[in-house]
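Take a look at the letters that make up each chain.
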There are 2 protein chains.
Amino acid sequence: MTTIYDIAKAVGVTQTTVANALAGRHNVSEATRQRILQCAREMGYRPNVLARGLARRKTFSLGFLLPTIANPFYPEIAEEVERVAQQHDYQMLLCNTHYDPALGQQHLERLVSRWVDGLLIMGSSLDITCILPHFQQGLPVVLCDWQENEKPPAVLPQVSTDFRLAGALAARHLLELGHRSIAVIVEEPRHALRLAGFRDTLHEAGLLLELIQQGYSTVESGYAAAKELLARPDRPTAIFTTSDWMALGAMNAIREAGLSIPHDISLLGLDNIQLSAHLHPPLTTIALPKHALARTATELLLRQIEGKQEQSDPILLPPALLVRASTACPSR
Amino acid sequence: MTTIYDIAKAVGVTQTTVANALAGRHNVSEATRQRILQCAREMGYRPNVLARGLARRKTFSLGFLLPTIANPFYPEIAEEVERVAQQHDYQMLLCNTHYDPALGQQHLERLVSRWVDGLLIMGSSLDITCILPHFQQGLPVVLCDWQENEKPPAVLPQVSTDFRLAGALAARHLLELGHRSIAVIVEEPRHALRLAGFRDTLHEAGLLLELIQQGYSTVESGYAAAKELLARPDRPTAIFTTSDWMALGAMNAIREAGLSIPHDISLLGLDNIQLSAHLHPPLTTIALPKHALARTATELLLRQIEGKQEQSDPILLPPALLVRASTACPSR
DNA sequence: TTGAAAGCGCTAACAG
DNA sequence: CTGTTAGCGCTTTCAA
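Residues numbered from 1 in each chain as written. Chains lettered and ligands numbered in written order. Predicted model: local features only at pLDDT ≥ 70, side-chain atom pairs only at ≥ 80, totals over all residues. Heavy atoms only, no water.

### Examining the UniProt feature "domain: HTH lacI-type" (unreviewed entry) in chain A
Part 1 of the argument: UniProt annotation of "domain: HTH lacI-type" (unreviewed entry) refers to residues 2–56 of chain A when read in the numbering used here.
Part 2 of the argument: Helix makes up 67% of residues 2–56 of chain A and strand makes up 0%, while its end C-alpha atoms are separated by 20 Å. (UniProt positions renumbered as here; feature names shortened; annotations may be inferred. Helix = DSSP H or I, 4+ residues; strand = E, 2+ residues; numbered from the N terminus.)

### Details of the protein's contact with DNA strand C
Part 1 of the argument: Taken together, 26 residues surround DNA strand C, and among them Thr16 and Arg57 of chain A together with Ile4, Tyr45 and Arg52 of chain B come closest.
Part 2 of the argument: No other element matches helix α4 (residues 49–56) of chain B, which puts four residues into the surface near DNA strand C.
Part 3 of the argument: Of the residues that constitute the surface near DNA strand C, the class distribution is ten nonpolar, eleven polar and five charged. (Near = heavy atom within 4 Å. Nonpolar A, V, L, I, M, F, W, Y, C, P; charged D, E, K, R; others polar.)

### Some remarks on empty space enclosed by the protein
Part 1 of the argument: Summed over the entire model, instances satisfying the criterion amount to three cavities of 30 Å³ or more.
Part 2 of the argument: Taken as a whole, the largest cavity holds about 350 Å³ of empty space.
Part 3 of the argument: What lines the largest cavity is a set of 18 residues, and nearest its centre among them are Pro72, Trp245 and Gln274 of chain A together with Pro72 and Gln274 of chain B.
Part 4 of the argument: Contributions of two or more residues to the lining of the largest cavity are made by α5 (74–87) of chain A together with α5 (74–87) of chain B.
Part 5 of the argument: Along the lines of polarity and charge, the residues of the lining of the largest cavity split into 13 nonpolar, three polar and two charged.
Part 6 of the argument: The volume enclosed by the second largest cavity comes to roughly 160 Å³.
Part 7 of the argument: Residue lining of the second largest cavity: 13 residues in total, with Leu50 and Arg114 of chain A together with Leu50, Ser61 and Arg114 of chain B positioned closest to the centre.
Part 8 of the argument: Elements represented by at least two residues in the lining of the second largest cavity include exactly α4 (49–56) of chain A together with α4 of chain B.
Part 9 of the argument: Here the residues of the lining of the second largest cavity sort into seven nonpolar, four polar and two charged. (1 Å grid on protein atoms, 1.4 Å probe; cavity = no way out; pocket = protein on both sides within 12 Å on 5 of 7 lines; lining within 4 Å. Points joined across faces, edges and corners; volume = space filled by probe spheres on them.)

### Thoughts on the packing of aromatic side chains
All names here are of chain A.
Part 1 of the argument: One pass over the structure, following the stated rule, counts six aromatic pairs over all chains.
Part 2 of the argument: Aromatic side chains Phe73 and Tyr74 sit 5.3 Å apart centroid to centroid with 75° between the ring planes, which places their arrangement in the edge-to-face category. Each member of the pair, Phe73 as well as Tyr74, carries the same accessibility label: buried.
Part 3 of the argument: The positively charged end of Lys58 is found above the aromatic ring belonging to Phe60, 4.4 Å away from the centroid. (Phe/Tyr/Trp six-rings, centres within 6.5 Å; stacked < 30°, edge-to-face > 60°. Buried < 20%, exposed > 50% of the residue type's maximum accessible area, 1.4 Å probe, protein only. Lys NZ or Arg CZ within 6 Å of the ring centre and 35° of its normal.)

### Side note on the pattern of salt bridges
Part 1 of the argument: Applying the stated criterion to the full structure yields 28 salt bridges over all chains.
Part 2 of the argument: For the salt bridge of Asp200 of chain A with Arg164 of chain A, the shortest nitrogen-to-oxygen distance reads 3.1 Å. Of the two residues, Asp200 of chain A sits in helix α9 (residues 192–204) while Arg164 of chain A sits in helix α8 (residues 163–177), which places them 36 residues apart along the sequence.
Part 3 of the argument: A relative accessible area of 32% means that Asp200 of chain A is categorised as partly exposed.
Part 4 of the argument: As a salt-bridge pair, Glu306 of chain B and Lys308 of chain B come within 3.4 Å of each other at their nearest N and O atoms.
Part 5 of the argument: Residue classification places Lys308 of chain B among the exposed positions, given a relative accessible area of 62%. (Salt bridge = Lys/Arg side-chain N within 4 Å of Asp/Glu carboxyl O.)

### Focus: the protein's contact with DNA strand D
Part 1 of the argument: Inspection of the region around DNA strand D gives 24 residues, with Ile4, Tyr45 and Arg52 of chain A together with Thr16 and Arg57 of chain B positioned closest.
Part 2 of the argument: Near the protein, within 4 Å, the atoms of DNA strand D are sugar or phosphate in 72% of cases.
Part 3 of the argument: The separation between a phosphate oxygen of DNA strand D and a polar main-chain atom of Ile4 of chain A is 2.7 Å.
Part 4 of the argument: Contact distances for DNA strand D include 3.3 Å between a phosphate oxygen and a backbone N or O atom of Asn48 of chain A.
Part 5 of the argument: Elements represented by at least two residues in the surface near DNA strand D include exactly α2 (15–22) and α4 of chain A together with α2 (15–22) and α4 of chain B. (Polar contact = N/O pair within 3.5 Å; in protein donor to acceptor, adjacent residues only side chain to side chain.)

### Focus on the interface of chain B and chain A
Part 1 of the argument: Between chain B and chain A, the residue contacts involve 52 residues of the former and 52 residues of the latter.
Part 2 of the argument: Roughly 4,900 Å² is buried in total at the junction of chain B and chain A, and carbon and sulfur atoms are behind 55% of that figure.
Part 3 of the argument: Summed over the shared surface of chain B and chain A, the result is four salt bridges.
Part 4 of the argument: Of the charged contacts in the structure, one is a salt bridge between Arg46 of chain A and Glu109 of chain B, with a shortest N-O distance of 2.3 Å.
Part 5 of the argument: Counting across the chain B and chain A interface gives 27 residue pairs in polar contact (both at pLDDT 80 or more). (Contact = heavy atoms within 4.5 Å. Buried area = accessible area lost by both parts, 1.4 Å probe.)

### Comments concerning the sheet that holds strand β10 (residues 284–287) of chain B
All names here are of chain B.
Part 1 of the argument: Here we have six strands laid out as an open sheet, ordered β7-β6-β8-β9-β10-β12, and mixed in their pairing. Of all strands in the sheet, those with a lone pairing partner are β7 (211–214) and β12 (320–322), marking the two edges. Averaged over all pairs of adjacent strands, the angle between their axes in this sheet comes to 20°, without regard to strand direction.
Part 2 of the argument: The sheet contact formed by β10 and β12 spans three bridges and is antiparallel. When the bridges of β12 are listed, Ile286 appears paired with Leu321. (Pairing = 2+ DSSP bridges. Axes fitted to C-alpha atoms, helices over the stretch in contact; angles between N-to-C directions.)

### Overview of the domain arrangement of chain A
Part 1 of the argument: Here chain A is partitioned into domain 1 (2–46), domain 2 (57–160 + 288–315) and domain 3 (161–286).
Part 2 of the argument: Taken over C-alpha atoms, the centre of domain 1 of chain A sits 37 Å from the centre of domain 2 of chain A. (Domains from an automatic or database assignment.)

### Some words on the nonpolar core
Part 1 of the argument: Phe64 and Phe198 of chain A together with Phe64 and Phe198 of chain B are the most contacted members of the largest nonpolar core, which has 96 residues in total.
Part 2 of the argument: With residues up to four places along the chain from it excluded, the contact list for Phe64 of chain B reads Ile77, Ala78, Val81, Met92, Leu93, Leu94, Cys95, Leu120 and Met122 of chain B.
Part 3 of the argument: Within the second largest apolar cluster, 50 residues are counted, among which are Ile239 and Trp245 of chain A together with Ala253 and Leu267 of chain B. (Core = buried A, V, L, I, M, F, W, Y, C linked by side-chain atoms within 4.5 Å.)

### Description of α9 of chain A
Residues and elements named next belong to chain A.
Part 1 of the argument: Between its terminal C-alpha atoms α9 stretches 18 Å, which fits the 18 Å expected from 13 residues at 1.5 Å a residue.
Part 2 of the argument: Listed as buried for α9 are Arg194, Leu195, Ala196, Gly197, Phe198, Thr201 and Leu202.
Part 3 of the argument: Here the buried face of α9 lies against α8, β6 (182–186), β8 (238–241) and β9 (266–271). (Expected span 1.5 Å × (residues − 1).)

### Points about the relation of the copies chain B and chain A
Part 1 of the argument: Overlay of chain B on chain A (RMSD 0.1 Å): rotation 180°, translation along the axis 0.1 Å. Put plainly, the chains are arranged around a two-fold axis. Across chain B, the rotation axis passes nearest the C-alpha of Leu93 of chain B, at a separation of 2.2 Å.
Part 2 of the argument: The residues that chain B uses at the interface reappear at the interface of chain A in 100% of cases, marking a shared surface. (Least-squares fit on C-alpha atoms with pLDDT ≥ 70 in both.)

### Digging into the sheet that holds strand β11 (residues 315–317) of chain B
Part 1 of the argument: Pairing within the open sheet is mixed, and its twelve strands lie in the order β11(A)-β5(A)-β4(A)-β3(A)-β1(A)-β2(A)-β2(B)-β1(B)-β3(B)-β4(B)-β5(B)-β11(B). The sheet is open, and its two borders are formed by β11 (315–317) of chain A together with β11 of chain B, each paired with just one other strand. Pairwise comparison of adjacent strand axes, ignoring direction, gives a mean angle of 20° for this sheet.
Part 2 of the argument: Of the strand pairs in this sheet, strand β4 (residues 141–144) of chain B and strand β5 (residues 158–161) of chain B are connected by two bridges, and their pairing is parallel. Bridged to Leu143 of chain B within β5 of chain B is Gln158 of chain B.
Part 3 of the argument: Of the strands in this sheet, β1 (61–66), β2 (91–96) and β3 (118–122) of chain A together with β2 (91–96) of chain B touch α5 of chain A, which is tilted by about 170° from β1 of chain A.
Part 4 of the argument: Taken strand by strand, helix α12 (residues 290–305) of chain A contacts β1, β3, β4 (141–144), β5 (158–161) and β11 of chain A, and its axis lies near 165° from that of β4 of chain A.

Here it is, written out as structure tokens:
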């Protein structure tokens, strides 16, 4: 473990000079600079980020907290967050809270003890009351895609998907295809905004949304909910599920009932997980702007860290309709 | 930012005493200990992990390097690695190398500069030649699920799946069902061992593996490869794909050809990604022991870190056949 | 252009 | 039981 002191000794100068040379400052003569750089290379010098962090009060590390990376929604986001961080010379500590407030708080405390430069927190994985004090003491924080039934205080920087618009896009698509008998499978209350956007759009078209089934963002719950819907005498001509994962379950239920998609019934998802493009039929869905979300949130955090960002209004990114083959005009 | 010095001043003792009290050592009188703890709480004291790390040469952090977390194979593993780490009071720095050696090396350098206590490296995401010097200088390292066509030097601790066995299990299953005309879609050379195990088992049964299609672990490549196989006059009665993801593509190709699974053709995957259970029909597959892999590798790393583990032979974890509905006896 | 010195917050001998 | 002291490796004034 070579230190700048070792180099200084070897070259015959002081630590300060070595530090200056290594930092590329212009107050070192070209001759000594070369000798120092040379020597550093030979001795395999590697700056100590801990010591630097302690002295400069900056660690070039970010805390990234989420419910669980095993949820297929997050990996793509995590990848992008890490990419942006890396491009700015930061590294990322990944923390799964597993929706456990105690665990979340423990992680938070540790990150703060580590002097991470900022925190990116997704999906309501932490209590706001735990976050707020740290933010108020100057720790940069960005909240991303918070649970739809919670609204964090406006002081906290936020980046989110416009879930209400997502629901509206879904409804609009089905209406334009001519559907009038429409059902929804939704995870309430976590998907409250998607539902609200969907329902309101139907209302505007003079339709009442009556067929609502509760789901839990699992394939199985999508399957069970669809079963219920298909058993009704007034079977709907279209089903909107508030997540692609539930749509997969619904798809299986529909097939089992001997019905065909989209001929007998249209199916519309929301998320655009990788899989949806490869289902049979390929799933029409409302695509969430995952990459933009990750990038925007991370860049906002970095700007805060670098003091270039004082306040910011919550940022809302638009989803987009992605038409594939699981929706069509109703046949009856 | 309260420090132990602040507390010491407030209570009227020295840093040492505060440190001892906080560390729960028994060389502090109950009275002063209480006053110290009380005061620490009131002042919102939070230990500084950087300073501690610098002094003790230990950071309670782990570097976790992988090709990309967006590959659906990794999130479950990352979750488990992080869980184990967390249970031992470690946090995890996640680094995607994107199969870019330069990027991988940059990450590695930074992690080393950060004095991480150990490195868990998956899927050949780094050049062995970059890793080795650090390991030899005492940095704990564990390699996990290395690329099958590379064999890292035995000195490096390794945990891997027994991919040869995985291939053998696949072959055995199809043979037992009575298949004699068997094809494989494989990503060579990265899945070399899976293929070898498969081929050898067929050989032992007196069969020559002749139908081999190259795939690239994407749905599309599985689709294209299956198309080729189905167009042959000697169409096989069973197809083994060396990843579930390719099986999904094959499934679509088979459906398009108007054939039914498993009646006309059996399909066998390998991985057991979440999705496979929900396909139509549910995919029979060779399940990889992801959790065991993550847990074993992390625990091995932690034991190295704590100096409880000198050397270890490469550990090989067994996969298991998971019979669902995509395989059956050949009908002709 | 170079150096001396103090400090970041905590640990760890060792002495009293 | 408590205190003194000397680091850990680097940054950052301020002098020379």
